[in-house]
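So you can see what is in the structure, the chains are spelled out below.
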Amino acid sequence: MSSPSTRRLLKESSDLHKNPSPYFTAAPISDTNLHDWHFTLAGPPSPSPYAQGLYHGRITFPATYPLRPPSFRFLTPSGRFEVNREICLSISGHHEETWQPAWGQGQVGGMEGSDELRREYARLSLGWSCRECGVGNLEAMRELWGVCLERGIEVEDEIAAVGGSAGVDAGVEGQRETVEAEAEAAAPASEGGCCSCWK
């Protein structure tokens, strides 16, 4: 018999598959470990410096989920969150005291970066691929947008244009290590408080 945590995660995975959103996709990275998920999400609309960007990350669910919250990490450099470092959300393990077991993963460490840096990371994010699951941001979202369109779910023009008119430079594919090294170098030291992600 499966654990309550496994049953809940199976239900949430099924719900996300049945009711896709054109803005994000999330799923377990393997059938043997439902507690480790990856997600890809589209950046917000213009004039945000994250517009036209696609961001990949990891959700780690504890064995006691949903009684204890998941933790979230972005794996794609963005100029906002440190790469592969737990981020501070009221719905995450970073602030466990605010977690409500009725919440699901559908409610979704920071750094300072200039708007120019964030726009550059948004451009580079289109060619980014995860080392762990092998999924490329643009590949994952194009597949999701196809599913949404097949099911009659509207995909906004600005989102559908990602990777189309903006294009993906041929040189972007091999730039992950360079971008991640630059992101680490650009990350300032924490300025105290609970965390630096919302400063």
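One structure accompanies this document, and this report is about it. Sequence order as written defines residue numbering, which begins from 1 separately in each chain. Where local features are concerned, this predicted model is filtered to residues with pLDDT of at least 70; where side-chain atom pairs are given and counted, the filter is 80 or more; whole-chain, interface and lining totals use all residues. With hydrogens and water stripped out, all remaining heavy atoms of the structure feed into the side-chain values.

Of the residues making up helix 2 (residues 115-125), those classed as buried are R118, Y121, A122, L124 and S125. Projection of helix 2 onto a plane perpendicular to its axis shows the buried side chains occupying an angular sector of 165°, all on one side. Only protein chains enter the accessibility calculation, which uses a 1.4 Å probe. A residue is then buried if its area is under 20% of the maximum for its type, exposed if over 50%, and partly exposed in between. Numbering of helices and strands starts at the N terminus; helices are DSSP runs of H or I of at least 4 residues and strands are runs of E of at least 2. This arc corresponds to the set of directions leading from the helix axis out to the C-beta atoms.

Under the pairing criterion, centres of Phe, Tyr and Trp rings, with the six-membered ring standing for Trp, must be within 6.5 Å; the plane angle then separates stacked pairs below 30 degrees from edge-to-face pairs above 60, leaving the rest tilted. Summed over the entire model, instances satisfying the criterion amount to 5 aromatic pairs. Both rings, one in Y50 and one in Y55, keep their centres 6.2 Å apart while their planes meet at 80°; by these two values the pair is edge-to-face. Summarising the burial analysis for this pair, Y50 and Y55 share the class buried. Between the aromatic rings of F61 and Y65, the centroid separation amounts to 4.7 Å while the plane-to-plane angle is 65°, which identifies the pairing as edge-to-face. Residue F61 is classed as buried on the basis of its relative accessible area of 3%. Joined through ring pairs, the aromatic side chains of W37, F61 and Y65 make up one cluster. We count a charge as sitting over a ring when the NZ of a lysine or the CZ of an arginine lies within 6 Å of the ring centre and within 35 degrees of the ring normal. In this structure, R80 packs its charged tip against the face of F81, placed 5.3 Å from the ring centre.

A separate point is the side chain of T76. Among the secondary structure elements, T76 is positioned in the loop between strand 4 (71-74) and helix 2. Its relative accessible area of 1% is what places T76 among the buried residues. Within 3.5 Å is the distance limit for a polar contact, defined as a pair of N or O atoms, with the added protein rule that one can donate a hydrogen and the other accept it, and that residues adjacent in sequence qualify only through two side-chain atoms. A distance of 2.9 Å separates a polar atom in the side chain of T76 from the backbone nitrogen of H56. With near-sequence residues (within four places) excluded, T76 lies in contact with L54, Y55, H56, V83, S125, W128 and N137. In this description, contact between two residues means that some pair of their heavy atoms is separated by no more than 4.5 Å.

Once that is clear, we can look at the sheet that holds strand 4. Spatially, the 4 strands line up as an open sheet ordered 1-2-3-4, and their pairing is antiparallel. Strands with a single pairing partner mark the edges of an open sheet, and in this sheet they are strand 1 (24-30) and strand 4. Neighbour-to-neighbour, the strand axes of the sheet open up by a mean angle of 25°, direction not taken into account. Strands are treated as partners if at least two bridges between them are detected by DSSP. As defined by bridge partners, strand 2 (residues 33-42) adjoins strand 3 (residues 54-60) across 7 bridges and the pair is classed as antiparallel. Counted as the bridge partner of L41 is Y55 from strand 3. Angles shown run from 0 to 180 degrees and are taken between the N-to-C directions of axes, each axis being a line fitted to C-alpha atoms and, for helices, limited to the stretch in contact. Sitting on the sheet, helix 1 (residues 4-18) is in contact with strand 1 and strand 2, with an inclination near 30° to strand 2. Its contacts with the sheet place helix 3 (residues 137-150) against strand 1, strand 2 and strand 3, and it is angled at close to 90° to strand 3.

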